[in-house]
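# Report on the structure
The residues making up each chain are set out below.
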Amino acid sequence: MRPDNEALIIIDVQNDFCPGGALAVPGGDEIIPDINALSEDFSAVILTQDWHPANHRSFASQHSGKAPFETVEMPYGTQVLWPDHCVQGSQGARFHPGLNTNRADLIIRKGFRREIDSYSAFFENDRLTPTGLEGYLKTRGIDTLVLVGLATDFCVNYSAVDAARLGFAVTVREDLCRGIDMDGSLSAARRAMTQAGVRMI
Ligand code: VGL
Ligand code: ZN
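Attention here is on the structure that accompanies the text. The structure displayed is predicted, hence computed values, not measured ones.

### Observations concerning the environment of Leu128
Counting through the fold element by element, Leu128 comes out in the loop between β5 (106–110) and α2 (133–139). Take Leu128: its relative accessible area is 65%, and that puts it in the exposed class. With 52 residues separating them along the chain, Leu128 and Tyr76 place their C-alpha atoms 9.8 Å apart.

Here it is in structure tokens:
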């Protein structure tokens, strides 16, 4: 068992990010058995859940003439447009049925405001609006995080970089993550995480 100051954060292991889902990450479901096994070692397990209203502004369907994976400028910066995914209450937003959610102490939902996306478990995409996870972890005395899940180059990357910036010691288990990899986003994410002081193993 790991000490009480360490938490496992399982990012977005939801149907829509697994094969057959609306924004499927290649091999997204392969990592689930080992994530389940790893979660048995931690006294603190936190899940994140991408959780969008049906008219979320990160959806290409909300921008006339735009296709998924194109970008738009939002007030907070450039936003990639996605296929509709992880709509609140939908089957696609549910955790993959293979994921053992029983060990989770907290489920943090993100991306629930129409006007702003939230890749990170800590801040929305303006990098300013907090989700509350920092306070939860710090008030529990947790200072060390292990991150796993989907997708390496978006939600895992943003969460890991923010966590490092907030002073947590962060390890990303790359073998327990899978990426989308659009236009070199995976190598850019690896660089960003390394530069932020995230340990990648
Ligand atoms: C994610 C794109 C859009 C992720 C979430 O979980 O990495 N990516 N929403
Ligand atoms: Zn999303």
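From this point, the narrative continues.
### Some details on the side chain of Asn157
Tracing the chain through its elements places Asn157 in helix α3 (residues 152–165). Its relative accessible area of 9% is what places Asn157 among the buried residues. For Asn157, the contacting residues outside a window of four places in its chain are Ala151, Thr152, Ala189, Ala192 and Met193.

### Quick look at helix α1 (residues 32–39)
Restricting attention to buried positions, one finds in α1 the residues Ile32, Ile35, Asn36, Leu38 and Ser39. Within α1, the buried residues cover an arc of 165 degrees as seen down the axis, which keeps them to one side.

### Thoughts on the pattern of salt bridges
Under the defined criterion, the tally for this structure stands at 13 salt bridges. Note that Asp12 is salt-bridged to Lys110, the shortest N-O span being 2.9 Å. Here the residue Asp12 occupies a position in the loop between β1 (6–11) and α1, and Lys110 occupies one in strand β5, the gap between them amounting to 98 residues. Of the charged contacts in the structure, one is a salt bridge between Asp105 and Arg140, with a shortest N-O distance of 2.9 Å. Residue Asp105 is located in the loop between β4 (77–80) and β5, and its partner Arg140 is located in the loop between α2 and β6 (144–150); the two are separated by 35 residues in the primary sequence. Taking the relative accessible area as the measure of exposure, Asp105 reaches 40% and is therefore partly exposed.

### Examining the site of ligand 1
Neighbouring ligand 1 are Asp12, Phe17, Leu23, Asp50, Trp82, His85, Tyr119, Leu150, Ala151, Phe154 and Cys155. Asp12 is positioned with one of its side-chain polar atoms (N or O) 2.6 Å from an oxygen atom of ligand 1. Taking Ala151, its main chain carries an N or O atom lying 3.1 Å from an oxygen atom of ligand 1. Look at ligand 1: alone it shows 260 Å² of surface, and the protein chains cover 100% of it. Residues of the shell around ligand 1, tallied by class, amount to 8 nonpolar, 1 polar and 2 charged.

### Things to note about the side chain of Lys110
For Lys110, a relative accessible area of 1% translates into the label buried. Not counting chain neighbours up to four residues away, the residues in contact with Lys110 comprise Asp12, Thr48, Gln49, Asp50, Trp51, Ser118, Tyr119, Ser120, Ala121 and Cys155.

### Thoughts on the pairing of strand β2 (residues 45–50)
Within a regular strand, side chains alternate between the sheet's two faces. Taking burial as the measure, the 6 residues of β2 include 6 buried ones, the bulk of the element. Going residue by residue along β2, you find Val45, Leu47 and Gln49 tucked away on one face and Ile46, Thr48 and Asp50 tucked away on the opposite face as well. Note: β1 against β2, 4 bridges, orientation parallel. Paired with Ile11 across the bridge in β2 is Thr48. In this fold, the crossover linking β1 to β2 by way of α1 has right-handed handedness. Note that β2 and β5 share 5 bridges and pair parallel. If you follow Leu47 over to β5, its bridge partner there is Ile107.

### Section: the coordination of the zinc ion (ligand 2)
At 2.0 to 2.2 Å from the zinc ion (ligand 2) lie its protein donor atoms, namely Asp50 (OD), His52 (NE2) and His85 (NE2). With 4 donor atoms in place around the zinc ion (ligand 2) and angles of 89 to 168 degrees between them, the coordination shape is irregular. In terms of primary sequence, the donors binding the zinc ion (ligand 2) are separated according to D-x1-H-x32-H.

### A short note on the sheet that holds β1
An order of β5-β2-β1-β6-β7-β8 is seen for the 6 strands of this open sheet, with the pairing classed as parallel. The strands lining the two open edges of the sheet, one partner per strand, are β5 and β8 (199–200). Here β6 runs beside strand β7 (residues 169–178); their pairing, made up of 6 bridges, is parallel. Looking across to β7, one finds that Leu145 is bridged to Val170. The strands touched by α1 within the sheet are β1, β2, β6 and β7, with β7 carrying the most contacts at an inclination of about 145 degrees.

Reading the values: rules and limits
- Residues numbered from 1 in each chain as written.
- Chains lettered and ligands numbered in written order.
- Predicted model: local features only at pLDDT ≥ 70, side-chain atom pairs only at ≥ 80, totals over all residues.
- Heavy atoms only, no water.
- Helix = DSSP H or I, 4+ residues; strand = E, 2+ residues; numbered from the N terminus.
- Buried < 20%, exposed > 50% of the residue type's maximum accessible area, 1.4 Å probe, protein only.
- Contact = heavy atoms within 4.5 Å.
- Arc of directions from axis to C-beta.
- Salt bridge = Lys/Arg side-chain N within 4 Å of Asp/Glu carboxyl O.
- Near = heavy atom within 4 Å.
- Polar contact = N/O pair within 3.5 Å; in protein donor to acceptor, adjacent residues only side chain to side chain.
- Areas by Shrake-Rupley, 256 points an atom, 1.4 Å probe, with all protein chains shown as cover.
- Nonpolar A, V, L, I, M, F, W, Y, C, P; charged D, E, K, R; others polar.
- Pairing = 2+ DSSP bridges.
- Right-handed = clockwise from strand over helix to strand, strands pointing away.
- Donors = N, O, S within 2.8 Å, 3.2 Å for Na, K, Ca; no water.
- Tetrahedral: all angles 85-135°; square planar, octahedral: opposite > 155°, others 65-115°.
- Axes fitted to C-alpha atoms, helices over the stretch in contact; angles between N-to-C directions.

Function cannot be read off these values alone, since they describe shape.
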